[in-house]
Structure formats: structure tokens, C-alpha cells
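Coordinate inspection notes
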Amino acid sequence: MAVTTEKSLTSPHTHTTRTVRDVMLQVMLALIPGIAVSTWYFGISILANLFLGVLFAVAIEAGLLRLARSPVLPGITDGTAIVTGMLFALALSPFTVWWVTLTGIAFAILVAKHLFGGVGNNPFNPAMAGYVFVLLCFPVQMAAWPDLLASSDLSFADSLGIVFQGLPATTDGLTGATPLTNMQLELNRMTMVSEIEAGPLYGALGGMAWQGIAIAYLLGGIWLMINHIIRWQIPCAVIGTVLLAAIVCHMTDPDIYPSASYHLFTGGTMLCAFFIATDPASSSTTPGGKIIYGIGIGLLIFIIRTWGSYPDGIGFAVLIMNAFVPLIDYYTRPRVLGET
């Protein structure tokens, strides 16, 4: 008579010693190149926004855990609140005033994360939920971006003054449109695409800055894939879809639609593909579902940029596809071992 031992009944799960804290630490390290290049071009206000985003996220996380009578120290040291604060801050303009950051972080941690049960239970990406919330509530404050071609550079005190006190009444020479904002305005006027890509907002220093930031995030994302922190499906699907859609439209009418490189290396395409869309709690979990999820995000990004009302639709694209994740996972789940 065969004896069934307890060991033989153990499911063939994949075991790992990597903790949530380890994963979040790797994500923070991978963000450093993008943060460094952004600071080089946009100034110290990038670091001020990051500091405020992380500070507000950790403080609100600790307060909510204390109210729920849960252990505070493990909750604020697992790195999830810190990464949420960093990603939210990196999605903002360097000229964002502190109270906008506080409002967005409060919505991200309180509503998008803890209202659904905390770490691992949030169906929507907290950083993008907070970003879209302040984008809808404070469109004027969210539209002010530094002019890279400004004749005078801001001092350290001026940069911090904008973050903590807001922009001065006269912003001439300080603010300007981003390349994606300029693209949308010019496309609405049916301007020749050659004027968009070679214009002062993207050409020369403008193009060098946005391309440098995108490449830095690309390198950080590749490092995450090499270290098996994220899988290749979502980043490749997002980038590949934006690339393919841009190529098709550009080939259809090159005088109207910008090239694929313009879409890939401006805005937050690389930051979204490697750091935002890959959030393990709100993204698809099946191999096939990850590809469908990434394709949906890439397609929505391109559609909103090209024909929508917002210059960059990353936040909306991620949240919309987050809502479809349960349906995607249901129809793409692999066959369970032993299932007939």
C-alpha cells in the first residue's frame, strides 16, 4: 500500500527569497539614471519634487497604518510608498507647487491604495491615479513646464521658491510647452511635421534633453529585466505598439504625423513602459495577458497623444487598462497543472 507523504502533496510553486523591499530597492536604483539626467536639464526642482513626493507618501502611509492599528515600521520600510512617491513626482512638471504634490500623493495612497486593501490589493496604479486626479483638478498648475531654451538659468533659490511658493506672476522666459504639447497644438493647425520635429521646442537642446531622459529610463528598465525584476512582455508590448502605430501613421501622411522616434523619445513613454505599466499589483499576471495589456497601453498612449485633448495620455492609458486586467487574466490564464 502506497503511503502518501505530506511532501508529495506540496504544490510545485516557484520559491524565491526576494522580498517586496528587495524589489522596490531595485526599482529605486534603476530610476537613478533618469533622475540624474532630468536634474541635469531641468534643475534642482526635480530633486525637490522627489523629496516632497516621498516625504508625503511615507507620512500618509504611516498615518493610515496607525489608524488601522497595523504595524507602521514594516509598512513604511517595504518601499512601496517610496516608489509611489517617486513615480508620481517624476510624472509632474519640475515647476509643480508643493500643495499639488500633496493632493496627488494623498489621493494615491489613501484612495488608490489603502481604500482597496493596501499593498498588493490595489487594482489601479496608485501613482497614476494620483497623477490623473491632480491633472483633472489643477490643469493650469500641471501645464507649467520649464523652458529649456530660456535665456537665464534659474538659481538654486529660485527653483526651490517655485516649488514651495509657486510660479511668479510673470513667467516669461521661465515656462514653455513640452514637445508633445507643441505637437498637439501644431497638429490641430495641420502644421507640417518637419516644422514640429525641427522646431525650437524639440530640436537642439530640447531634443537632446528629452532623448537623454528617455534613454536613461530605457537603460534602467533594461537593467530591471536583466535582474528579473520585471518581465519583457509589458515593456516590449508598450514600446512596440507605439512604434508600430507611429510608423503606420507617419508612412500614411509624413507631412502630418511625426516619426516614431519622436513618440518614443519624448514624454514619458520609457518611464511608463518599464516602471509604471509593470506595477505587479495592477498589471496583468499571465504571459499572454501581459502582452495584451501592454499593447492596450501603447495603443491608448498613441491615440490620446494624436487625437485626444491631453498631450501625453500615459496616466489615462494605464488606468483604463488596469480596469481590464481581471478580464484579460481570466481569458489568458494558463492551464492549471493536472487540469483536464
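Residues numbered from 1 in each chain as written. Predicted model: local features only at pLDDT ≥ 70, side-chain atom pairs only at ≥ 80, totals over all residues. Heavy atoms only, no water.

What follows is about the overall build of the chain. In terms of helices and strands, the chain carries 16 helices and two strands. Looking at the chain alone, contacts between residues at least 24 apart form 77% of all its contacts between residues at least 6 apart. Of the roughly 16,900 Å² that the chain leaves accessible, carbon and sulfur atoms contribute 67%. (Helix = DSSP H or I, 4+ residues; strand = E, 2+ residues; numbered from the N terminus. Contact = heavy atoms within 4.5 Å. Areas by Shrake-Rupley, 256 points an atom, 1.4 Å probe, with all protein chains shown as cover.)

Here the focus is the nonpolar core. In this structure, Leu 31, Met 128, Tyr 131, Phe 275, Tyr 293 and Ile 297 are the most contacted members of the largest nonpolar core, which totals 73 residues. Ala 246, Ile 256, Tyr 257 and Ala 260 belong to the second largest nonpolar core, which has seven residues in total. (Core = buried A, V, L, I, M, F, W, Y, C linked by side-chain atoms within 4.5 Å. Buried < 20%, exposed > 50% of the residue type's maximum accessible area, 1.4 Å probe, protein only.)

This part is about the packing of aromatic side chains. The tally for this structure, following the rule as stated, stands at eight aromatic pairs. An angle of 5° between the planes, with centres 4.2 Å apart, marks the rings of Phe 107 and Phe 133 as stacked. Taken together, the residues span a long stretch of sequence, with Phe 107 in helix H5 (residues 98–113) and Phe 133 in helix H6 (residues 126–137) at a distance of 26 residues. Classification of Phe 133 by relative accessible area gives partly exposed; the value is 28%. Ring geometry for Tyr 330 versus Tyr 331: centroids 5.0 Å apart, planes at 90°, classification edge-to-face. Under the relative-accessibility criterion, Tyr 330 is labelled exposed at 56%. Here Tyr 331 falls in the exposed class, since its relative accessible area comes to 63%. Each member of the aromatic cluster is reached from another via a ring pair, and the members are Tyr 257, Phe 302 and Trp 307. (Phe/Tyr/Trp six-rings, centres within 6.5 Å; stacked < 30°, edge-to-face > 60°.)

With that settled, consider the packing of H5 against H6. Where H5 meets H6, the axes come as close as 8 Å, and the angle between the chain directions of the two elements is 130°. Relative to H6, the element H5 lies oblique. H6 is crossed by H5, and the crossing has right-handed handedness. Taking contact as the criterion, the partners of Val 100, Thr 103, Gly 104, Phe 107, Ala 108, Ala 112 and Lys 113 in H5 are, on H6, Pro 126, Ala 127, Ala 129, Gly 130, Phe 133 and Val 134. Among the residues forming the contact of H5 with H6, the class breakdown is nine nonpolar, three polar and one charged. (Axes fitted to C-alpha atoms, helices over the stretch in contact; angles between N-to-C directions. Parallel < 35°, antiparallel > 145°, perpendicular 65-115°, else oblique. Left-handed = near helix turned anticlockwise from the far one by under 90°. Nonpolar A, V, L, I, M, F, W, Y, C, P; charged D, E, K, R; others polar.)

Here the focus is the environment of Thr 103. Tracing the backbone shows Thr 103 in helix H5. Residue classification places Thr 103 among the partly exposed residues on the basis of a relative accessible area of 26%. For the pair Thr 103 and Phe 133, spaced 30 residues apart in sequence, the C-alpha to C-alpha distance is 8.6 Å. Setting aside anything within four residues of it in sequence, one finds Thr 103 in contact with Phe 133, Val 134 and Phe 138. A polar atom in the side chain of Thr 103 sits 2.8 Å from the backbone oxygen of Trp 99. (Polar contact = N/O pair within 3.5 Å; in protein donor to acceptor, adjacent residues only side chain to side chain.)

What follows concerns the pattern of salt bridges. As enumerated under the stated definition, the model contains two salt bridges in all. As a salt-bridge pair, Asp 312 and Arg 305 come within 3.0 Å of each other at their nearest N and O atoms. The class of Asp 312 is buried, set by a relative accessible area of 17%. (Salt bridge = Lys/Arg side-chain N within 4 Å of Asp/Glu carboxyl O.)

On the secondary structure map, Thr 241 appears in helix H12 (residues 233–252). Thr 241 gets classed as buried once you look at its relative accessible area, which sits at 12%. Once you skip the residues sitting within four places of it in the chain, Thr 241 turns out to touch Gly 294, Ile 295, Gly 298 and Leu 299.

Per-residue pLDDT for the chain averages 81, and the proportion of residues at 70 or more is 78%. Note on residues 198–205: pLDDT is under 50 here. Beyond four places in sequence and across chains, it has 18 contacts. (pLDDT = per-residue confidence, 0-100.)

As a packed pair, helix H1 (residues 20–42) and helix H4 (residues 80–91) sit with axes 9 Å apart at the nearest point and diverge in direction by 25°. The angle between the axes of H1 and H4 places the two elements in the roughly parallel class. Like other packed secondary-structure pairs, H1 and H4 cross with a definite hand, here left-handed. Contacts from Val 20, Met 24, Val 27, Met 28, Leu 31 and Ile 35 of H1 reach H4 at Thr 80, Ile 82, Val 83, Met 86, Leu 87 and Leu 90.

The next point concerns the environment of Ile 297. Take Ile 297: it is sitting in helix H15 (residues 287–307). A relative accessible area of 0% places Ile 297 in the buried class. Here the alpha-carbon distance between Ile 297 and Ile 234, two residues 63 residues apart in the chain, equals 9.1 Å. Contact partners of Ile 297, with chain neighbours within four places excluded, come to Val 238, Cys 272, Ala 277, Ala 317, Val 318 and Met 321.

On to the layout of surface pockets, then. Over the atoms, a rolling probe the size of a water molecule traces out where space has been left empty. If you add up the space inside the largest pocket, you get close to 1,000 Å³. If you go around the largest pocket, you meet 36 residues; those closest to its centre are Val 23, Ile 229, Thr 278, Asp 279 and Pro 280. If you list the elements that add at least two residues to the lining of the largest pocket, you get H1, H4, H6, H12 and helix H14 (269–276). Residues that form the lining of the largest pocket fall into these classes: 17 nonpolar, 14 polar and five charged. (1 Å grid on protein atoms, 1.4 Å probe; cavity = no way out; pocket = protein on both sides within 12 Å on 5 of 7 lines; lining within 4 Å. Points joined across faces, edges and corners; volume = space filled by probe spheres on them.)

With that settled, the discussion passes to H4. Between its first and last C-alpha atoms H4 spans 17 Å; for twelve residues at 1.5 Å apiece the expected length is 16 Å, and the two agree. Burial analysis of H4 places eleven of its twelve residues in the buried class, the great majority of the element. Three or more residues of H4 are buried, namely Thr 80, Ala 81, Val 83, Thr 84, Gly 85, Met 86, Leu 87, Phe 88, Ala 89, Leu 90 and Ala 91. (Expected span 1.5 Å × (residues − 1).)

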